[in-house]
Amino acid sequence: MEAIIVTGAGTGLGKELALLLSKQDYHVILTGRTEDTLNAVKQQIEQSGGSATVQALDLRNLEEIKEIALLLSKKHTLSGLVNNAGIGYFGPFSETSDTEMEEVFQTNVFGTIHMTKAILPYLEQNQKGLVVNIISTAGLRGKKHEAVYCASKFAVRGFTESLQKEYEATDIRFVAAYMGGMNTPFWEESEHVADPTKFRSATEVAEIIVNNLEKTEIIIESKKS
Ligand SMILES: NC(=O)c1ccc[n+]([C@@H]2O[C@H](COP(=O)([O-])OP(=O)(O)OC[C@H]3O[C@@H](n4cnc5c(N)ncnc54)[C@H](OP(=O)(O)O)[C@@H]3O)[C@@H](O)[C@H]2O)c1
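What you see is a predicted model; the values in this text were computed from it and never measured.

Quick look at helix 4 (residues 98–126) now. Counting along an α-helix, one turn takes 3.6 residues, and residues three or four places apart therefore face a common direction. Taking 1.5 Å per residue, 29 residues should reach 42 Å; helix 4 reaches 41 Å between its end C-alpha atoms and fits that length. At F110, helix 4 shows its largest bend, some 40°. With its phi angle positive at about 60°, Q127 sits one or two positions after the end of helix 4.

If you want it as structure tokens, here you go:
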């Protein structure tokens, strides 16, 4: 059975993508830092007849990424990667701390780039594969009080578009997904958004993504309020 890795699979969009991908004949490798939430998703997948593995992984740690990629490649036929994990700190740029800026880039940008670098050799071995990068409409245009977050998502956009060109003659496909606000735990510790319940659910966004994986670019704008 072909396996797909989903980063940040314990909550929000990553969880919903993992549930749907498990119904598409993938063995889903659920990664993130919190094992409890990942185990709960694994249980849900198994209860619906799918199969999943939990692998704790902090994307800010390059050595951990390399070790785990090797470990997973020995146990599974890796055919896909969903770079979903991401964080954001919002507010005036002048009030954004150096630590926050570094953490956003380490997770959103280097997490995605290092994971892709670590997994690509196995996709190349099988001469086919799918990499889905969860970006945001913050990767399409700048937004007030989101300077560093937008910068990180523009970086992932450039990375994805470049690899699409580099691999266009192969069966390794890169999909860029740009979505507006979603009602997920992402907003739990932020006052940047007044009412996240107005946003689309992660389930709705995950369904749109999984139904459009043949495209190179999936744009899901926010609902009009
Ligand atoms: N919510 C929105 O409005 C929105 C809109 C557009 C795009 N997005 C993007 O959608 C993606 C998913 O976000 P979400 O809304 O579903 O939020 P979420 O529920 O907070 O999910 C983010 C996931 O990333 C994981 N994560 C964070 N830091 C990590 C690290 N260092 N290593 C490994 N995993 C890490 C978290 O798990 P642990 O804490 O357990 O590690 C969490 O499960 C993100 O890339 C986000 O930027 C969100």
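A word on the nonpolar core. With 31 residues, the main nonpolar core has L13, L21, V28, L30, I134, M179 and I209 as its most contacted residues. The element contributing the most residues to this core is helix 1 (residues 12–22), with 5 residues. Here M179 is in contact with L13, I134, I135, S136, T137, V205, I209 and I220, once residues within four sequence places are set aside.

Successive residues of a regular strand alternate their side chains across the two faces of the sheet. Summarising burial for strand 5 (residues 129–134): 6 of the 6 residues are buried, a large majority. Neither face of strand 5 is open: one carries G129, V131 and N133, the other L130, V132 and I134, and all of them are buried. For the crossover that starts at strand 4 (residues 77–83), traverses helix 4 and ends in the parallel strand 5, the hand is right-handed. Alignment of strand 5 against strand 6 (residues 172–179), held across 6 bridges, turns out to be parallel. Residue pairing for strand 6: G129 is matched across the bridge by I172. Of the crossover connections in this fold, the one passing from strand 5 over helix 5 (residues 147–166) to the parallel strand 6 is right-handed.

Surveying the vicinity of the ligand reveals 29 residues, the closest of which are R33, T34, N84, Y149 and T184. Relative to its free-state accessible area of 880 Å², the ligand is covered by the protein chains to the extent of 93%. Listed by contribution, the elements that provide at least two residues to the shell around the ligand are helix 1 and helix 5. A class-by-class count of the residues in the shell around the ligand yields 13 nonpolar, 12 polar and 4 charged.

Pairing in this open sheet of 7 strands is parallel, and the strands run 3-2-1-4-5-6-9 from one edge to the other. Across the chains shown, the open sheet's two edge strands, defined by having one partner strand only, are strand 3 (51–56) and strand 9 (217–220). Shown here is a sheet whose adjacent strand axes are inclined to one another by a mean of 20°, direction ignored. The strands that helix 2 (residues 35–47) touches are strand 2 (27–32) and strand 3; relative to strand 3, the one it contacts most, it runs at about 175°. Here helix 4 sits on the sheet and contacts strand 1 (2–7), strand 4, strand 5 and strand 6; the angle it forms with strand 4, its principal contact strand, is near 155°.

This part takes up helix 5. Here helix 5 is 20 residues long and its end C-alpha atoms lie 29 Å apart, about the 28 Å a rise of 1.5 Å per residue gives. Of all the residues in helix 5, the buried ones are V148, Y149, C150, S152, K153, V156, F159, T160 and L163. Buried positions along helix 5 lie against helix 4, strand 5 and strand 6.

This paragraph deals with empty space enclosed by the protein. Under the definition given, this model contains 2 cavities of 30 Å³ or more. Size it by volume and the largest cavity reaches roughly 40 Å³. Its residues assigned to classes, the lining of the largest cavity comprises 6 nonpolar, 3 polar and 1 charged. The space that makes up the second largest cavity amounts to roughly 30 Å³.

Rules of the game
- Residues numbered from 1 in each chain as written.
- Predicted model: local features only at pLDDT ≥ 70, side-chain atom pairs only at ≥ 80, totals over all residues.
- Heavy atoms only, no water.
- Helix = DSSP H or I, 4+ residues; strand = E, 2+ residues; numbered from the N terminus.
- Expected span 1.5 Å × (residues − 1).
- Bend = angle between axes of the 7 residues up to and from the residue.
- Core = buried A, V, L, I, M, F, W, Y, C linked by side-chain atoms within 4.5 Å.
- Buried < 20%, exposed > 50% of the residue type's maximum accessible area, 1.4 Å probe, protein only.
- Contact = heavy atoms within 4.5 Å.
- Right-handed = clockwise from strand over helix to strand, strands pointing away.
- Pairing = 2+ DSSP bridges.
- Near = heavy atom within 4 Å.
- Areas by Shrake-Rupley, 256 points an atom, 1.4 Å probe, with all protein chains shown as cover.
- Nonpolar A, V, L, I, M, F, W, Y, C, P; charged D, E, K, R; others polar.
- Axes fitted to C-alpha atoms, helices over the stretch in contact; angles between N-to-C directions.
- 1 Å grid on protein atoms, 1.4 Å probe; cavity = no way out; pocket = protein on both sides within 12 Å on 5 of 7 lines; lining within 4 Å.
- Points joined across faces, edges and corners; volume = space filled by probe spheres on them.

Note that every value here comes from positions in space, so none of it alone points to a role or purpose.
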